[in-house]
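Examination of the molecular architecture
What follows is the residue order along each chain.
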Amino acid sequence: MNDLKRRDFLKTAGLGSAAALGAGIFPADIQAEVDAMDPLIINKIETVTFKKGHWSWVRLHTNQGVMGLGETYPLTNAQNGAVKDLARVVIGKDARNIERIWRDLYGRASYNVTGGAEMRAISAINIAQYDLLGKALGVP
């Protein structure tokens, strides 16, 4: 049997917890660029629906004038209502905190029903955050 000491286990578990909390999402060089950026505070969120109400996009607008775009797959317009309900979770937050905002959104939605419209809305917001970050860094 492995002779693992309690202290070593806790160190390893702590690193695993840090990864679960979003630490290490990006390679170190990119993370350094993200950390050096000015905050991208989300000041507006909107949905755009087209193709007879099936396709929906989420637009996140920031204090720096950068806009990120996220998409949901076609189904119903319910995700637009979910985005409106979840807007209070993201307005005023730094869009660079992708994992933190995802956890906050999921935590808010999980008190209700998690799935369907809520998950489509969370997914579109999450995609828009990555789009925002890419645009702010000047990368695809």
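Scroll up to find the structure this text is about.
An account of the accompanying structure is given in this report. Source: prediction; values computed, not measured. (Residues numbered from 1 in each chain as written. Predicted model: local features only at pLDDT ≥ 70, side-chain atom pairs only at ≥ 80, totals over all residues. Heavy atoms only, no water.)

**A word on the packing of helix α4 (residues 98–110) against helix α5 (residues 116–137)**
Here α4 crosses α5 at 165°, and the two axes come no closer than 10 Å. Taken together, the axes of α4 and α5 are roughly antiparallel relative to one another. The element α4 and its partner α5 pack so that their crossing is right-handed. Facing α4, whose interface residues are Ile 98, Glu 99, Ile 101, Trp 102, Leu 105, Tyr 106 and Ala 109, α5 presents Glu 118, Met 119, Ile 122, Ile 125, Asn 126, Gln 129, Tyr 130 and Leu 133. (Axes fitted to C-alpha atoms, helices over the stretch in contact; angles between N-to-C directions. Helix = DSSP H or I, 4+ residues; strand = E, 2+ residues; numbered from the N terminus. Parallel < 35°, antiparallel > 145°, perpendicular 65-115°, else oblique. Left-handed = near helix turned anticlockwise from the far one by under 90°. Contact = heavy atoms within 4.5 Å.)

**Description of the pairing of strand β3 (residues 67–72)**
Along a regular strand, successive side chains alternate from one face of the sheet to the other. In β3, alternate side chains face the same way, and those of Gly 68, Gly 70 and Thr 72 are buried while those of Met 67, Leu 69 and Glu 71 on the opposite face are not. Pairing of strand β2 (residues 55–62) with β3 involves 6 bridges; the strand directions are antiparallel. By the bridge assignment, Leu 60 is partnered in β3 with Gly 68. Between the end of β2 and the start of β3, which pair antiparallel, lie 4 residues, with Gly 65 showing a positive phi angle near 80°. (Buried < 20%, exposed > 50% of the residue type's maximum accessible area, 1.4 Å probe, protein only. Pairing = 2+ DSSP bridges.)

**Here we look at the pattern of salt bridges**
Scanning the model with the defined rule gives 5 salt bridges in all. Two residues, Asp 94 and Arg 96, come together in a salt bridge whose shortest N-O distance is 2.7 Å. In terms of burial, Asp 94 and Arg 96 fall into one category: buried. A salt bridge links Arg 100 to Asp 104, with the shortest nitrogen-to-oxygen separation between them at 2.6 Å. Residue Arg 100 and its partner Asp 104 are both found in helix α4; the two are separated by 4 residues, about one turn of the helix. Connected via shared salt-bridge partners are Lys 93, Arg 100 and Asp 104. (Salt bridge = Lys/Arg side-chain N within 4 Å of Asp/Glu carboxyl O.)

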